[in-house]
Amino acid sequence: MSISRRELLKTAGAAGLLGAVPGLSFAQNLAAPLEKKALTIAVGGQPLIYYLPLSVAHLKGYFKAEGLDVTIADFAGGSKALQAVVGGSADVVSGAFEHTINLQAKGQFYRCFVLQGRAPMIVLGVSRKTMAGYQSPADLKGKKVGVTAPGSSTNMMVSFFLAQHGLKPTDVSFIGVGAGAGAVTALRSGQIDAIANLDPVISTLVKEDAIHIIADTRALNDAQKIFGGNMPSGCLYTAQAFIDANPNTTQALANAMVRADKWIQASSVDDIAKLVPESYLLGDPDLYKLALKGNREGLSPDGLVPEDGPKTALNALAEFVPNFDRTAIDVSRIWTNQFAAKANQTYPHA
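Because the structure is predicted, anything quoted here is derived from the model rather than measured.

About the cut-offs
Residue indices follow the written sequence of each chain, beginning from 1 at its first position. Totals for whole chains, interfaces and linings use every residue, but because this is a predicted model, local features are given only for residues with pLDDT of at least 70 and side-chain atom pairs only at 80 or more, for both listing and counting. Hydrogens and waters are ignored; side-chain quantities use all the structure's heavy atoms. Under the DSSP-based scheme used, a helix requires at least four consecutive residues in state H or I and a strand at least two consecutive residues in state E, with every element numbered from the N terminus. Burial here depends on accessible area, computed with a 1.4 Å probe over protein chains only, as a share of the maximum for the residue type. Under 20% is buried, over 50% is exposed, and the range in between is partly exposed. Two residues qualify as a contact provided that any one of their heavy atoms is within 4.5 Å of a heavy atom in the partner residue. What sets the accessible areas is the Shrake-Rupley method with a 1.4 Å probe; for residues, cover comes only from the shown protein chains. Any two strands with at least two DSSP-identified bridges between them are counted as paired. Angles shown run from 0 to 180 degrees and are taken between the N-to-C directions of axes, each axis being a line fitted to C-alpha atoms and, for helices, limited to the stretch in contact. Take the buried residues of types Ala, Val, Leu, Ile, Met, Phe, Trp, Tyr and Cys, join any two whose side-chain atoms come within 4.5 Å, and each joined set is a nonpolar core. Note that the arc is defined by the directions from the helix axis to the C-beta atoms. When an angle is under 35 degrees it counts as roughly parallel; over 145 it counts as roughly antiparallel; between 65 and 115 it counts as roughly perpendicular; any other value is oblique. Under the convention adopted here, Pro, Cys and the residues Ala, Val, Leu, Ile, Met, Phe, Trp and Tyr are nonpolar, Asp, Glu, Lys and Arg are charged, and Gly plus all remaining residues are polar.

Enquirer: Sorry if this is basic, but what is going on with the overall build of the protein chain here?
Expert: The secondary structure content of the protein chain amounts to 15 helices and 10 strands. Taken along the three principal axes of its C-alpha coordinates, the protein chain extends 60 × 45 × 35 Å. Expressed as a percentage of the 350 residues in the protein chain, the buried residues total 58%. A separation of at least 24 residues holds for 80% of the contacts in the protein chain among residues at least 6 apart in sequence. When the accessible surface of the protein chain is totalled, it reaches about 13,500 Å², and 50% of it is carbon and sulfur.

In structure tokens, the structure reads:
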């Protein structure tokens, strides 16, 4: 899909951000020098399909094509990746959109500049072994719920689900189990009673009938029902100070990610499975391909944040964070489509 200059201006203007990034204009020459070529992107569970665009951008050489030398630092969960950027050991996070809101609530301004997922793609399931008699969300009270890491988007999704059903986050025990084989083992062995995770972890457990799914945000319709609107998920976000100091580098990152988003939509599941490392497949290529099919709708086709998405994310966060003052959050400062819109103009196809 080709995007005209007029549409680009309209997109940026709708976000209230046209010209918000010093030194950047839509007429900027593609050959503009990069302020920072070598940088680190922190991610929490790279093998997850949730982060597939990041892996594709790296494996297909899209970062290199933009003149970037990117190192990907993988952590146990999104909250750990966030800590790496806040602590200064990484430049950018590939993580959940809602972290930008949490950070602003603490007086730290971070902005999403290109989207990877337009639905959370998180699934909550209960163990058929330890919760065989499950009848309602109330049965979760007092149980151990496995999440990728405490404070991560999987933790938030469960907390939001609990709040919708009259429960508090403190009614369960959250256990960090990571986003790979360790998470599968934790559920199989009975270390946890329920799990909130993503594919291929979830599809692995479903295939062996180890869990009963009670909430699923892989499909757009279901995610919209649970969250009350479009809920942006995986994205690249970084400190506003980084964007201000490195607008050309930020644009190069957005270019690479938009190309990856588009390549995924245009490619077969076989091509994608052949591209990713064998470790991503968790020993079952066919299962991974099945998970790809189930999650493709939730992956962003163009890197653009849905206009209602930031408000939906804010409302979801405010539902379960105690004493959260949503009126103190300036939503316009947590996202921009300026870079992704320009990337779409530069790369109408992958």
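Enquirer: What am I meant to see in the sheet that holds strand β8 (residues 194-197) here?
Expert: In a beta sheet, neighbouring strands pair by backbone hydrogen bonds and run either parallel or antiparallel. Taken in spatial order, the 5 strands line up as β7-β6-β8-β5-β9 in an open sheet, and their pairing is mixed. Two strands lie at the open edges of the sheet, namely β7 (173-176) and β9 (211-216), each paired on one side alone. For this sheet the average axis-to-axis angle between neighbouring strands, irrespective of direction, equals 25°. Helix α7 (residues 181-188) rests against β5 (123-127), β8 and β9 of the sheet, and its axis sits at about 165° to β8.

Enquirer: Looking at this structure, how should I read the nonpolar core?
Expert: One broad trend across soluble globular proteins is that nonpolar side chains are buried collectively. Phe63, Leu140 and Leu253 are the most contacted members of the largest nonpolar core, which totals 114 residues. Of all the elements, helix α11 (residues 247-266) adds the most residues to this core, at 9 residues. When residues no more than four places from it in sequence are discounted, the contact partners of phenylalanine 63 are Ile41, Leu54, Ala57, His58, Leu68, Val70, Leu253, Ala256 and Met257.

Enquirer: Is there a simple way to explain the sheet that holds strand β10 (residues 234-239) in this structure?
Expert: What the 5 strands build is an open sheet, ordered β2-β1-β3-β10-β4; its pairing is mixed. Looking along the sheet, the strands with just one partner apiece sit at the ends: β2 (69-75) and β4 (110-115). Taken pair by pair, the neighbouring strands of this sheet meet at an average axis angle of 30°, ignoring direction. Relative to strand β3 (residues 92-96), strand β1 (residues 38-44) runs parallel, the two being bridged by 3 bridges. Note that in β3 the partner of valine 43 across the bridge is serine 94. Against the sheet, helix α4 (residues 78-87) makes contact with β1, β2, β3, β4 and β10, and its axis sits at roughly 150° relative to β1, the strand it touches most.

Enquirer: Explain helix α13 (residues 285-295) here, please?
Expert: Residues spaced three or four apart along an α-helix point in a common direction, a consequence of the helix completing one turn every 3.6 residues. Buried within α13 are the following residues: Leu287, Tyr288, Ala291, Leu292 and Asn295. All buried residues of α13 lie within an arc of 145° about the axis, which places them on one face of the element. With respect to the buried face of α13, the exposed residues turned more than 90 degrees away are Asp286, Leu290 and Lys293. Those residues of α13 hidden inside the fold are in contact with α2 (52-59), α8 (201-207) and α12 (269-275).

Enquirer: Can you help me understand unusual backbone geometry in this one?
Expert: With glycine set apart, most residues show a phi of negative sign, and most peptide bonds adopt trans. For the bond running from aspartate 199 to proline 200, omega is 15°, close enough to zero to count as cis. Of note, proline 200 is situated in the loop between β8 and α8. Even without being glycine, methionine 121 reaches a positive phi, approximately 60°. Within the secondary structure layout, methionine 121 lies in the loop between β4 and β5. Residue classification places methionine 121 among the buried residues on the basis of a relative accessible area of 1%. The backbone phi angle of leucine 282 is positive, close to 50°, even though this residue is not glycine. Its relative accessible area of 31% is what places leucine 282 among the partly exposed residues.

Enquirer: Would you take a moment to explain the pairing of β1 for this structure?
Expert: Consecutive residues of a regular strand have side chains that alternate between opposite faces of the sheet. Most of β1 sits inside the fold, with 6 of its 7 residues counted as buried. Across 7 bridges, the pairing between β1 and β2 is parallel. Bridge assignment links leucine 39 to a residue of β2, and that residue is valine 70.

Enquirer: I tried to follow the packing of α2 against α11 on my own but got confused; where do I start?
Expert: In a packed pair of helices, the relevant descriptors are the angle between the two axes and the axis-to-axis distance. Put simply, α2 and α11 touch, their axes get as near as 8 Å, and they point 105° apart. As the angle between them shows, α2 and α11 are arranged roughly perpendicular. Where α2 approaches α11, its residues Leu52, Pro53, Leu54, Val56 and Ala57 are matched on the opposing element by Ala256, Met257, Ala260, Asp261, Trp263 and Ile264. For the contact of α2 with α11, the residue count by class is 10 nonpolar, no polar and 1 charged.

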